[in-house]
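# Summary of the model geometry
In case you want the letters, here they are:
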Amino acid sequence: MMNEHPLDQLIRALPKAELHLHIEGSLEPEMMFALAERNEIELPYASVEEVRAAYNFTDLQSFLDLYYAGAGVLITEQDFYDLTWAYLKRAQADHIVHTEIFFDPQTHTARGVEFTTVLSGILRALRQAEDQFGITSKLIMCFLRHLSEEDGFATLELAMPYLDRIDGVGLDSGERGNPPEKFARLFARCAELGLPAVAHAGEEGPAEYIWQALDLLNSRRIDHGVRCTEDPALVARLAAERIPLTVCPLSNLKLCVVDDLAKHNLRELLAAGLVAMVNSDDPAYFGGYLNQNLLACREKLALTAAEIIQLVRNSIEASWLPDDTKAFWQAEITRIAARHAQGE
Ligand code: HPA
Ligand code: ZN
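These lines cover the structure that appears in this document, whether it is placed above or below. (Residues numbered from 1 in each chain as written. Chains lettered and ligands numbered in written order. Predicted model: local features only at pLDDT ≥ 70, side-chain atom pairs only at ≥ 80, totals over all residues. Heavy atoms only, no water.)

## Some points on the packing of aromatic side chains
Tallying each qualifying case throughout the model produces 15 aromatic pairs. Here a set of aromatic residues connected by ring pairs shows up, and it is made of Y55, F57, F63, Y67, Y68, Y285 and F286. For R221, the ring lying beneath its charged end belongs to W320, and the centroid distance is 4.7 Å. (Phe/Tyr/Trp six-rings, centres within 6.5 Å; stacked < 30°, edge-to-face > 60°. Lys NZ or Arg CZ within 6 Å of the ring centre and 35° of its normal.)

## Section: the coordination of the zinc ion (ligand 2)
The zinc ion (ligand 2) binds to the protein through H20 (NE2), H22 (NE2), H200 (NE2) and D281 (OD); the donor distances cover 2.0 to 2.3 Å. In this structure, the zinc ion (ligand 2) is surrounded by 4 donor atoms whose angles at the metal cover 81 to 174°, and the resulting shape is irregular. When the donors of the zinc ion (ligand 2) are listed by position in the chain, the intervening gaps give H-x1-H-x177-H-x80-D. Remark: D281 occurs in the loop between strand 8 (276-278) and helix 14 (283-286) and H200 occurs in strand 5 (residues 197-201); sequence separation between them is 81 residues. Of the residues examined, H200 reaches a relative accessible area of 4% and is grouped as buried. (Donors = N, O, S within 2.8 Å, 3.2 Å for Na, K, Ca; no water. Tetrahedral: all angles 85-135°; square planar, octahedral: opposite > 155°, others 65-115°. Helix = DSSP H or I, 4+ residues; strand = E, 2+ residues; numbered from the N terminus. Buried < 20%, exposed > 50% of the residue type's maximum accessible area, 1.4 Å probe, protein only.)

## As for the packing of helix 2 (residues 29-38) against helix 5 (residues 77-93)
Interhelical geometry of helix 2 versus helix 5 gives an angle of 165° and a closest axis separation of 12 Å. In terms of their interaxial angle, helix 2 and helix 5 are classed as roughly antiparallel. The handedness of the crossing between helix 2 and helix 5 comes out as right-handed. Contacts between helix 2 and helix 5 pair M31, L35 and R38 from the former with Q78, D79, D82, L83 and A86 from the latter. Split by residue class, the contact of helix 2 with helix 5 holds 4 nonpolar, 1 polar and 3 charged. (Axes fitted to C-alpha atoms, helices over the stretch in contact; angles between N-to-C directions. Parallel < 35°, antiparallel > 145°, perpendicular 65-115°, else oblique. Left-handed = near helix turned anticlockwise from the far one by under 90°. Contact = heavy atoms within 4.5 Å. Nonpolar A, V, L, I, M, F, W, Y, C, P; charged D, E, K, R; others polar.)

## Let's talk about the side chain of E4
Locating E4 in the fold gives a position in the segment before helix 1 (6-13). Reaching out from E4, the side chain makes a polar contact with the side chain of R12 at a distance of 2.6 Å. Not counting the four nearest positions on each side in its chain, E4 is found in contact with Q9 and R12. (Polar contact = N/O pair within 3.5 Å; in protein donor to acceptor, adjacent residues only side chain to side chain.)

## Section: the pattern of salt bridges
Inspection of the entire model under this criterion finds 19 salt bridges. As a salt-bridge pair, R124 and E77 come within 2.8 Å of each other at their nearest N and O atoms. Of this pair, R124 sits in helix 7 (residues 115-133) while E77 sits in helix 5, and the two are 47 residues apart along the sequence. Residue R124 is classed as partly exposed on the basis of its relative accessible area, which comes to 32%. We classify E77 as partly exposed; its relative accessible area is 25%. Residues E204 and R176 are paired through a salt bridge, measuring 3.5 Å at the closest nitrogen-oxygen approach. One end of the pair, E204, is in the loop between strand 5 and helix 10 (207-217); the other, R176, is in the loop between strand 4 (168-172) and helix 9 (184-192), with 28 residues separating them in the sequence. (Salt bridge = Lys/Arg side-chain N within 4 Å of Asp/Glu carboxyl O.)

## What to know about the site of ligand 1
Around ligand 1, a shell composed of H22, L60, F63, L64, Y67, D172, S173, H200, E203, H224, D281 and D282 is seen. E203 is positioned such that a nitrogen or oxygen atom in its side chain is 2.8 Å from a nitrogen atom of ligand 1. Note that an oxygen atom of ligand 1 is positioned 3.0 Å from one of the side-chain N or O atoms of H224. Taking 260 Å² as the accessible area of ligand 1 by itself, protein coverage stands at 100%. If you map ligand 1 onto the pockets, it falls in the largest cavity. Counting residues per element, the shell around ligand 1 draws most heavily on helix 4 (residues 60-70), at 4 residues. The class makeup of the residues in the shell around ligand 1 is 4 nonpolar, 4 polar and 4 charged. (Near = heavy atom within 4 Å. Areas by Shrake-Rupley, 256 points an atom, 1.4 Å probe, with all protein chains shown as cover. 1 Å grid on protein atoms, 1.4 Å probe; cavity = no way out; pocket = protein on both sides within 12 Å on 5 of 7 lines; lining within 4 Å. Sits in = over half its atoms within 2 Å of the grid points.)

## Some thoughts on the state of the cysteines
All told, the structure shown has 0 disulfides when counted by the stated rule. Between C142, a free cysteine, and C190, which holds the nearest cysteine sulfur, the sulfur-to-sulfur gap is 11 Å. We classify C142 as buried; its relative accessible area is 0%. This cysteine, C248, is not joined by any disulfide, and C297 carries the nearest cysteine sulfur, 10 Å off. Residue classification places C248 among the buried residues on the basis of a relative accessible area of 0%. (Disulfide = S-S within 2.5 Å.)

## Let's talk about empty space enclosed by the protein
Over the atoms rolls a probe the size of a water molecule, and in doing so it shows where empty space is left. Considering all chains together, one arrives at 2 cavities of 30 Å³ or more under this definition. Of the volumes computed, that of the largest cavity is approximately 100 Å³. Residue lining of the largest cavity: 13 residues in total, with H22, L60, F63, L64 and H200 positioned closest to the centre. For the lining of the largest cavity, the element with the most residues is helix 4, which contributes 4 residues. Empty space within the second largest cavity amounts to approximately 40 Å³. If you trace the second largest cavity, you find it lined by K16, A17, M277, V278, L290, L294, L311, V312 and S315. Ranked by residue count, the leading element in the lining of the second largest cavity is helix 16 (residues 305-318), at 3 residues. Considered class by class, the residues forming the lining of the second largest cavity number 7 nonpolar, 1 polar and 1 charged. (Points joined across faces, edges and corners; volume = space filled by probe spheres on them.)

Have a look at this one:
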């Protein structure tokens, strides 16, 4: 590329972990059409362009309506494999070395797709990526917070035979009016089963939902969490306990959490000493995979080399990789940062 900004070369060269990626949100319109045809499903769009044109969101719910509708083309094990494999190829291109992906079983089981079909397709692609690309991964099962806690318990029951293949649980979908406290008993049961928890909080919902995610769900990371800066005592706690925030800048822009990327509080989060990093959330819907998120932030927020390196270090620290693997990747980051500083 001609006249590429030197920091953009650094962004591409650094090894990264992605910790906030909904696999259903990586369904590109082209694949949506291909799977609709393969499964003889009628889409309410005439073309790929028409689908993309519909991605004009005003808030989280306006996105979720299309996201759940889009997921309706996913039927077979091969569909879930193809979806996941396409994401992993993009991940490799962005030099993602480790990814922790979310899946939403309730979106599929409610349509009559078996839990095992969803899980098998995703896992087959994850195993292949480790063999072929050396990309390691974790799988996090999300509960949909607009549904009842009882529905969540029923989903956990379906997952019971497969718990050795599920690395943790999460909480996603419409945040407003669905506080973490609604799921306190479900997450307590998951903890008893040895499943670590994360939760979306403080995306559209208030800082209070972040406190609840920590205190009532024992959430190890906060997904999004950008509204924490409304509460200085909360920021102090997140910093002191090194609770990571999986921030998704282009998602925040597309869902009108911020009206201008230049006003995003990512730098403020880093300056407060928080373990924040950049992720793509639902890249097919929000206009960019991980590197595109970092490149957009570099440009609009004027990130420095030190901030870019810190974000990438935080992604490794906040991951669920073993300590020796984290140390290996931190050393790689040190090596690549030093090479960059020497202008190579
Ligand atoms: N927030 C809540 N639920 C979601 C999201 C999100 O950003 N993406 C997919 N499901
Ligand atoms: Zn998300």
